[in-house]
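# Fold and geometry: a report
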Amino acid sequence: MDLDALKAARQKGLQKLLPDRPRVAVGLATCGIAAGGDRVYAALEAAIRDRGLDMELAKVGCIGYCREEPLVNIQIPGKPCVILHRVTEADAEEIVRAVAAGDVPRRLALCRVETWDPLVGEKLDFGTGFDDIPAYADIPYFAPQRKIVLRDAGFINPEDIDEYFAVGGYRALYKALTEMTPEAVIDEVIASGLRGRGGAGFPTGTKWNFTKVEKSLRKYIICNADEGDPGAYMNRNEMESDPHMILEGMLIGAYAIGAREGIIYVRAEYPLAIARLTRAMEEARAHGLLGKNIFGTDFSFELTLAEGAGAFVCGEETALIASIEGKTGRPRPRPPFPAQKGLWGMPTNINNVETWTNIPVIISRGGDWFAGIGAEKNTGTKVYSLVGEVQRVGLVEVPLGTPIRTLVYDVGNGGIDGRDIKAVQTGGPSGGCIPASLFDTPMDYEHLTAVGSIMGSGGVVVMDETTSMVDTARFFIGFTHEESCGKCAPCREGLKHMLMILDKILSGKATRENLDLLEELSGTIKKTSLCGLGQTAPNPVLTTLKYFRNEYDATLKGAK
Amino acid sequence: MDTARLNEIVERYPAPAGKILGILEQVQREVGYLPKDILQFLAKRLEVSLSELYSLATFYSFFTLAPLGEHVVTVCMGTACHVKGAPELVATLKRLLGVEVDEVTRDGKFLLTTEDNHFSLTSARCFGACSMAPVLRVDNKIFGYITPDRIPAILEQFGWKESQHRGS
């Protein structure tokens, strides 16, 4: 493939994405399908066929407004793209009838999108009109959002590389390979300020450099797609809705680091993500975007998909590598770090799915552009999964530094049935519970750590007055106890004893001494565990003890 | 599963990365568990010890060493599902099916299923379908926004009969 071929591919893709006849597209990621999107698709297909109508029916990914699914996009040439919500198969007839007449059913319309900016390519101009339908930017759920990672999600067909070309796909890779040295690519990523989105927040460009400077004939890059935090599912949607952006990010990273082989490590519990990634890899290979001499340069790259088999600890880098090598996923002490000795003993760079997805945008728009979004030392956006006891659930992408309050109340619209929200739990089992009194806390790496939680992979589980915080703490310790790999004693034995104390507390038989012991044990496990799992596992207990001590006290013997 | 099919699965993995787990996952998917004779065959074929394969099979939650029932009911135990009432779903399912989660028969041969081997009950860390919490899965189909009273109708789609399966 060369530049002319890339331009031709874009034109071909645009004919599919913005055809000169109406296009009806159903959001078909895992949650869209489970909400009935597949039945809606089948009903629309039948209705279009039965009437012999001249319109396209397409599959797209998910725009992230999960509460309103199934979602259907209507594109009539010259008109805005209209997103219909809560569509059922019974609506199919009405939809195709309206579209055939150049209209959309108003009662199903959520909002209209006149133009959309996929960031790495030219804007998509859908059209104007339908002024009585609310604009995308006026929908409270979308208004505070800024889409960088989810720039194509819900608009393009994730199973068709042509539509990725249409939104400027693989142009950033072309730019990196033909106009930039590997050093310049790394400099751009450093300038962007991008930090690892898997949770730890380590500067990505600096991390890449660690592997780059190693002298070795073989180096590897890995995409960590073993999304293990319960309550977090942004990586699943990123893979299901826009798999090529991950491939493109990895290709650029491999070029910068000097790796010729890469592995995507994805959890087996995500069959649709695996299928779409596999298809994306086949399509990329067929277009010469994987394999030898990509874009006619001397850069060659091979990519393999490896399936994880369900072990939370495999999110830890050394455990993940062991798992790819076909061993049990147990972490080992560092150093040596994977950058020195990783997969098969070779220098290896691991980044989370979402980290990779930002790379094409940074190369296309420049590090400075990216650094202008977000907050001090926390540049860019983060995708959060806003779930639990909140009205509007879904995937929300906002600039780093956005206060918790914005997420929970402006986007999420507060508690269900008027109930008061008590806390949010962020960062999964390694994170903590943040009380409502601290909802002005900006969501960035440092501020979340300062209140005792972490960013983690971006799970935000909302809890209201009906949620017991002691039970929540027990839930997480039960989880980490179960998922502890058993290698080091503090984690294996310590968590077991925390669990026993928590059970005692919940059964109303605990004394104040038990609470003190629980706190002391938490500190010991944090300080002495081998890997991140144990070092962070007590966080849910420590934060609930700190902010919701009254709930623990109320269970103590003689408290009532 | 015959030798020819096993060889076919093994040959699908020319690269070493992800090979062993990939092969075991495919067997788990097709057979429904990892039978001892297949693990013995694979140990020889892949030149690893049987104990290594056993340690993988018991370390990773994706694998089972005992057969599952015809339909596998899995309750998501993720955070959002927990907050939205997954424990009540488990309690309801135990009652409706008369089995415990992940319980194995005394001889260790079968994951405890309903007496006619029609249903097995198990749990998962997180499906990543948190927006629809609480969630359960029957075989490969995900059901969201579940309340205990909706469960009988879902099970009936998979051949559940109150008279036949309900526990005491």
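### As for the overall build of chain B
- Helices and strands together make up the secondary structure of chain B, namely eight helices and four strands.
- Seen through its principal axes, chain B has C-alpha atoms that stretch 50 × 35 × 25 Å.
- Out of the 168 residues in chain B, the part that is buried amounts to 35%.
- Contacts in chain B between residues far apart in sequence, at least 24 positions, make up 61% of those at least 6 positions apart.

### As for the nonpolar core
- Grouped together as the largest cluster of nonpolar side chains are 218 residues, with contacts concentrated most on A:Leu44, A:Val72, A:Ile252 and A:Tyr265.
- Apart from the residues within four sequence positions on either side, A:Leu44 is in contact with A:Val24, A:Val26, A:Leu57, A:Ala92, A:Ile95 and A:Val96.

### A word on the sheet that holds strand S2 (residues 119-124) of chain B
All names here are of chain B.
- Spatially, S2-S1-S3-S4 is the arrangement adopted by the four strands of the open sheet, whose pairing is mixed. For this open sheet the edge positions go to S2 and strand S4 (141-143), each flanked by a neighbour on one side alone. Each adjacent strand pair in this sheet contributes to an overall mean axis angle of 25 degrees, direction not counted.
- As paired strands, strand S1 (residues 71-76) and strand S3 (residues 136-138) are joined by three bridges and run antiparallel to one another. Of the residues in S3, the one forming a bridge with valine 75 is leucine 136.
- Relative to S1, helix H6 (residues 86-97) is tilted by about 155 degrees, and along the sheet it contacts S1, S2 and S3.

### Here's the deal with the domain arrangement of chain B
- Each assigned domain of chain B is listed here: domain 1 (3-59) and domain 2 (71-165).
- Taking the mean C-alpha position of each, domain 1 of chain B and domain 2 of chain B sit 28 Å from one another.

### With respect to the packing of helix H5 (residues 171-179) of chain A against helix H12 (residues 353-365) of chain A
Residues and elements named next belong to chain A.
- Two elements in contact, H5 and H12, have axes whose closest approach is 8 Å; the angle formed by their N-to-C orientations is 60 degrees. The pairing of H5 with H12 is recorded here as oblique in orientation. Where H5 crosses over H12, the two elements pack in a sense that is left-handed. Every residue of H12 that contacts H5 at Arg171, Ala172, Lys175 and Ala176 is listed here: Pro360, Ile363 and Ser364.

### Side note on the interface of chain A and chain B
- Facing the 38 residues of chain A at the interface are 33 residues of chain B.
- Examining the composition of the side of chain A that touches chain B, we find that four residues originate from one element, helix H2 (residues 30-51) of chain A, more than from any other.
- Class assignment of the residues belonging to the side of chain A that touches chain B gives a composition of 19 nonpolar, 13 polar and six charged.

### Overview of the environment of A:Met500
- If you trace the backbone, A:Met500 turns up in helix H17 (residues 489-506).
- Linking A:Met500 and A:Gly342, residues 158 residues apart in sequence, is a C-alpha distance of 37 Å.

Procedures and definitions
- Residues numbered from 1 in each chain as written.
- Chains lettered and ligands numbered in written order.
- Predicted model: local features only at pLDDT ≥ 70, side-chain atom pairs only at ≥ 80, totals over all residues.
- Helix = DSSP H or I, 4+ residues; strand = E, 2+ residues; numbered from the N terminus.
- Buried ≥ 20, exposed ≤ 12 C-beta atoms within 10 Å, placed from the backbone.
- Contact = placed C-beta atoms within 7 Å.
- Core = buried A, V, L, I, M, F, W, Y, C linked by C-beta atoms within 7 Å.
- Pairing = 2+ DSSP bridges.
- Axes fitted to C-alpha atoms, helices over the stretch in contact; angles between N-to-C directions.
- Domains from an automatic or database assignment.
- Parallel < 35°, antiparallel > 145°, perpendicular 65-115°, else oblique.
- Left-handed = near helix turned anticlockwise from the far one by under 90°.
- Nonpolar A, V, L, I, M, F, W, Y, C, P; charged D, E, K, R; others polar.

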